[in-house]
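# Overview (structure and organization)
Here's the letter readout for the chains.
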Amino acid sequence: MYVDLGNALNGQPRLTREALDRLDDRVADAHERIARGRADADHGYAALNLPDTVDADAVRAAVADFDDPETVLTVGIGGSALGAATLTEALGGDVDHYILDNVDPAHVGTLLDSLSLADTVVHVVSRSGTTAETLSNFLVVREAMTDAGVDWTERTLVTTGEAGNLRSLAERHDLPALDVPAGVPGRFSALSTVALPVAALAGADIEGLLDGARAEADRLSGSLFESPAYAYGAACYALERRGAGVNAMMPYAESLEYFAEWFAQLWAESLGKDAVGQTPVRALGATDQHSQLQLYRAGPRDKLVTLVRPRERPEVPIPETDLDGLSYLGGESLGGLLDAEFEATEASLAAADCPNIRVEIDRVDAHGIGELLYGMEAACVLYGELANVSTFTQPAVEWGKRAARGLLGGGDFPEADAVGEKRELLVE
Ligand SMILES: O=P(O)(O)OC[C@H]1O[C@H](O)[C@H](O)[C@@H](O)[C@@H]1O
């Protein structure tokens, strides 16, 4: 991964090279804490060891009995779904991959009606094994399979923690089950048994992914100027402290659209604590140049824009045309056009003093995606250290989960009482 901070400097909010130099001492301390956390495999930090601790053979063995499925359906939500979606969207492969995360009945019904369930492998993923959306969706999928005459126990793979409802269900029905690795929070679990099984079923290069991640891990060092991941994390932190409360993540590759979604969870749940945190916004280049860019360049000075691209793209030439006004496009390629749009956006933001950071990988392939995901995770952990927040917890999310559970009669949760206290100012 390559991170270019040039356009992050001297804009508004104003971050200077001198400020980055000063921050570097704190990066060195933070790096030591991270290294200690990794050495002790402490909760959260253990995720940064995944390139070396994940057992790729066990993942492959767990999916080996599902012979050439047409479709994989991941039933999970948040960190239990977004990593898998990011991998298959970026890397493609031999299966159609669908995610069932939300419990919108209209969507679930339409999706299940459209699938040939006999040719589908269902991967149910929940670290806690208790998430209501995931468990409910799985019960619906299971029934749909039974109704279609499919033995769901033959078509289901589980990934979950040591205990919980999903673990009990897997044991009761003797389902193949993988463990979520200890100490790895969901949003840091893309390079584990959580997301790798679908990549394996799709025939993706798992070793390549892990090699890419390892390459990024090897670049972590006590200076932000030597580690792309830390450069990104430190600059985001420093810009946020100076007023860039928004980080628009804007990949210029259709295959990285889910990456922005994955990044949004990583950044929001990890860093949104104690009135700190950068609000991640999902964008896509060049599409959102034609919608959101107006705001990024001319709206409130509270933003950082992160522009992500591969350095190499597939070659699709734009055919020549004899239309005068279009002749400049003929002989160009779609990739060339997209890169010109990327560089034009970068320049237009810089010309308006809007901080932006360029993040590149060589290609959207297994190695590049391994670098990118690991790099962003390490950036996030560093940011959390610098901001002194508890990166690996999500108490605000848990509050809402307890309230919903209480409402549904799933236990006595005082948070549910707040629902009755809703204020109303209804206009009809
Ligand atoms: O994997 P699960 O335990 O089902 O959790 C799925 C998601 O649930 C919660 O909302 C957490 O805040 C997320 O971090 C997590 O990724």
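Residues numbered from 1 in each chain as written. Predicted model: local features only at pLDDT ≥ 70, side-chain atom pairs only at ≥ 80, totals over all residues. Heavy atoms only, no water.

Going by what an unreviewed UniProt entry lists, the protein is known as Probable glucose-6-phosphate isomerase and is assigned to Haloplanus vescus. Check the Subcellular location (unreviewed entry) section of the UniProt entry for the protein; it says "Cytoplasm". UniProt annotates the protein under Catalytic activity (unreviewed entry) with the comment "alpha-D-glucose 6-phosphate = beta-D-fructose 6-phosphate". (UniProt positions renumbered as here; feature names shortened; annotations may be inferred.)

Right, let's get into the pattern of salt bridges. Using the criterion set out here, one finds 22 salt bridges in the structure. A salt bridge links R214 to D52; its shortest N-O distance comes to 2.9 Å. Placement of the pair is R214 in helix α9 (residues 206–218) and D52 in helix α2 (residues 50–53), with a sequence separation of 162 residues. Ionic contacts of the salt-bridge type, sharing partners, join the residues R309, R311, R313, D339, E343, E346, R358 and E360 into one network. (Salt bridge = Lys/Arg side-chain N within 4 Å of Asp/Glu carboxyl O. Helix = DSSP H or I, 4+ residues; strand = E, 2+ residues; numbered from the N terminus.)

Our focus in this paragraph is unusual backbone geometry. The omega torsion across Q12 and P13 is 0°, close enough to zero to call that bond cis. Despite not being glycine, A41 has its phi angle at roughly 50°, a positive value. With respect to the element layout, A41 can be found in the loop between α1 (17–39) and α2.

What follows deals with the domain arrangement of the protein. Along its sequence, the protein is carved into domain 1 (2–36 + 210–387) and domain 2 (55–180). Its C-alpha centre places domain 1 at a distance of 32 Å from the equivalent point of domain 2. On the side of domain 2, twelve residues touch domain 1, which itself brings 15 residues to the contact. In total, about 990 Å² of surface goes out of reach between domain 1 and domain 2, with carbon and sulfur atoms giving 70% of it. Where domain 1 meets domain 2, there are zero salt bridges. Summed over the shared surface of domain 1 and domain 2, the number is four residue pairs in polar contact (both at pLDDT 80 or more). Contributions of two or more residues to the side of domain 1 that touches domain 2 are made by α11 (257–271) and α14 (366–387). (Domains from an automatic or database assignment. Contact = heavy atoms within 4.5 Å. Buried area = accessible area lost by both parts, 1.4 Å probe. Polar contact = N/O pair within 3.5 Å; in protein donor to acceptor, adjacent residues only side chain to side chain.)

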